[in-house]
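# Analysis of the macromolecular model
What follows is each chain in one-letter form.
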Amino acid sequence: MSCRSSFVLGLVLASASGTAVSAWDHPSHMTTAAIAFAEIERQRPDLIEPLGLMLMKHPDPAPFWVAASGATDSRERARRMFIQAARWPDDSKGTSNDRLSWHSARYPIIADDVSPETRALIEAREGDPAGDAIEALQLQAAVMANPEAGADERALALTWFLHVAGDIHQPMHVTDLFSAEYPTGNSAGAQSYVWDPLLDSATTLHILWDSNFFRSTALGDVDRYAVELVEKYPRSAFEQLGAPSKTPDFEAWARETHQIAVDFAYGGGIEFVSDPDKGQTAEQLVGKMVKYILFGVSPLEDAPEVPAEYWEQLQEVAQQQVTLAGYRMADVIIAAADSLIAERSLSGRILDAADNVPERAGE
């Protein structure tokens, strides 16, 4: 098992309250960023150097300098920092940079056996999801395109945009299951256990989707994943891709992914069990997950096996979502850059015009 440490602090809030946990695992986030970088480079190679220079101004620069070490030219330094940017929010959990509510926008799936009390609480939301991912994406897109924002602010916004845009393409991040078993939700799948087909141990449905088929953070593997996915799923494979916009309908992205959860993630014949320790505290739940993440010790000794057909389709869906997210990220970043350039050009013309205004008589 590789690179599960990003889940540890994210799971602090994974309790009976139904709070969401971590994101796509690091390999998926990094692969999505690699796809986005390649797409930006294909469409707008002039943006690569500015992106690299901007990321060097990130308010938490150390991870980016480390990521760029060993690069032989400015383009490769920019690429490595860009890929690092997509995982930075998970690496920053538990720090002052952490924004846990930004990782999800969870719409409910309501089982037939849910209690009237639970149904009333869900209806009181008036259709709003739990979590602030949609608002976070709107904010980051606006900052990236704002000519008054500093390079450090835009670099921070870029990292969060890359990460959260990836998150809302993961079905568990836009879904909570409510039932008699889970009256307050199943914590984005973090309280529902299945048997991991690769690790041969019980794991949560959330981690099964997060990890999916991508299990390595080695840059060579990430690059290979990205190349294979772009070849398998070119832009033409996604009818959802419309004209690029710096402010697309992020809610539509989240609801589109939620429908995948309804139709397949929970509706594809998967069975799962919950942790029998119903009285555990959030800290106890985290302790169990830490043992699994760091040492491979599962809190359950047994869980339902993932059907082969489900596992095969999960990997297909995950690959499609990772690729689609990469294309969408590139489009928004390019649109934001174009808007920024246009705003700066306009400001320059206004200032030039102001400099050429004739002095009024008597002044």
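A few words now on the sheet that holds strand β3 (residues 192–196). In a beta sheet, neighbouring strands pair by backbone hydrogen bonds and run either parallel or antiparallel. An order of β4-β3-β5 is seen for the 3 strands of this open sheet, with the pairing classed as antiparallel. Whereas interior strands pair on both sides, the edge strands pair on one side only; in this sheet they are β4 (201–204) and β5 (273–274). As defined by bridge partners, β3 adjoins β4 across 4 bridges and the pair is classed as antiparallel. From the neighbouring strand, V194 faces β4, where its bridge partner is T203.

The next thing to look at is the packing of aromatic side chains. If you walk through the whole model with that rule in mind, you get 11 aromatic pairs. Ring geometry for F250 and W253: centres 5.0 Å apart, planes at 90°, overall edge-to-face. Here the residue F250 and the residue W253 both occupy positions in helix α11 (residues 250–265), the gap between them amounting to 3 residues, near one helical turn. A residue is classified by how much of its surface remains accessible, and F250, at 1% relative accessible area, is buried. An aromatic cluster of at least three residues, connected via ring pairs, comprises W88, W102 and W160.

Spanning 14 residues, helix α10 (residues 219–232) covers 20 Å between terminal C-alpha atoms, matching the ideal 20 Å at 1.5 Å per step. Buried within α10 we find V222, Y225, A226 and L229. Looking straight down α10, one finds its buried side chains confined to an arc of 95°; they lie on one side. Structural note: α10 exposes G220 and E231 on the side pointing more than 90 degrees away from its buried face.

Right, let's get into the nonpolar core. Ranked by size, the top nonpolar core spans 63 residues in total, and within it I40, F82, L158, F161 and I333 carry the most contacts. Per-element tally for this core: the top contributor is helix α13 (residues 308–355), with 11 residues. Residues contacting I333, with those up to four places away along its chain left out, are I40, L51, F82, M144, L158, F161 and L162.

Time to look at the layout of surface pockets. Roughly 320 Å³ of internal volume is contained in the largest pocket. Around the largest pocket, the lining comprises 15 residues; the ones closest to its centre are P50, M54, R154, A337 and L340. Those elements that place two or more of their residues in the lining of the largest pocket are α3 (48–55), α8 (151–167) and α13. Per element, the largest residue contribution to the lining of the largest pocket is 6 residues, and it comes from α13.

Next up on the list: the packing of helix α5 (residues 74–91) against α8. Relative orientation of the contacting elements α5 and α8 amounts to 80°, with a least axis distance of 7 Å. Judged by the inter-axis angle, α5 sits roughly perpendicular to α8. Residues F82, A85, A86, R87, W88, P89 and D90 of α5 form the contact with α8, whose participating residues are L156, L158, T159, W160, L162 and H163. A breakdown of the residues in the contact of α5 with α8 according to their chemical character gives 9 nonpolar, 2 polar and 2 charged.

Turning next to the confidence of the model for the protein chain. Should the pLDDT be low somewhere, the predicted coordinates at that spot are not to be read in detail. Of all residues in the protein chain, 83% have pLDDT values of 70 or greater, and the mean over the chain is 85. The lowest-confidence element of the protein chain is helix α1 (residues 6–10), averaging 34 in pLDDT; the highest-confidence one is α11, averaging 97. Contacts for the low-pLDDT stretch residues 1–23, under 50 throughout, to residues beyond four places or in other chains number 86 contacts.

The rules we used
- Residues numbered from 1 in each chain as written.
- Predicted model: local features only at pLDDT ≥ 70, side-chain atom pairs only at ≥ 80, totals over all residues.
- Heavy atoms only, no water.
- Pairing = 2+ DSSP bridges.
- Helix = DSSP H or I, 4+ residues; strand = E, 2+ residues; numbered from the N terminus.
- Phe/Tyr/Trp six-rings, centres within 6.5 Å; stacked < 30°, edge-to-face > 60°.
- Buried < 20%, exposed > 50% of the residue type's maximum accessible area, 1.4 Å probe, protein only.
- Expected span 1.5 Å × (residues − 1).
- Arc of directions from axis to C-beta.
- Core = buried A, V, L, I, M, F, W, Y, C linked by side-chain atoms within 4.5 Å.
- Contact = heavy atoms within 4.5 Å.
- 1 Å grid on protein atoms, 1.4 Å probe; cavity = no way out; pocket = protein on both sides within 12 Å on 5 of 7 lines; lining within 4 Å.
- Points joined across faces, edges and corners; volume = space filled by probe spheres on them.
- Axes fitted to C-alpha atoms, helices over the stretch in contact; angles between N-to-C directions.
- Parallel < 35°, antiparallel > 145°, perpendicular 65-115°, else oblique.
- Nonpolar A, V, L, I, M, F, W, Y, C, P; charged D, E, K, R; others polar.
- pLDDT = per-residue confidence, 0-100.

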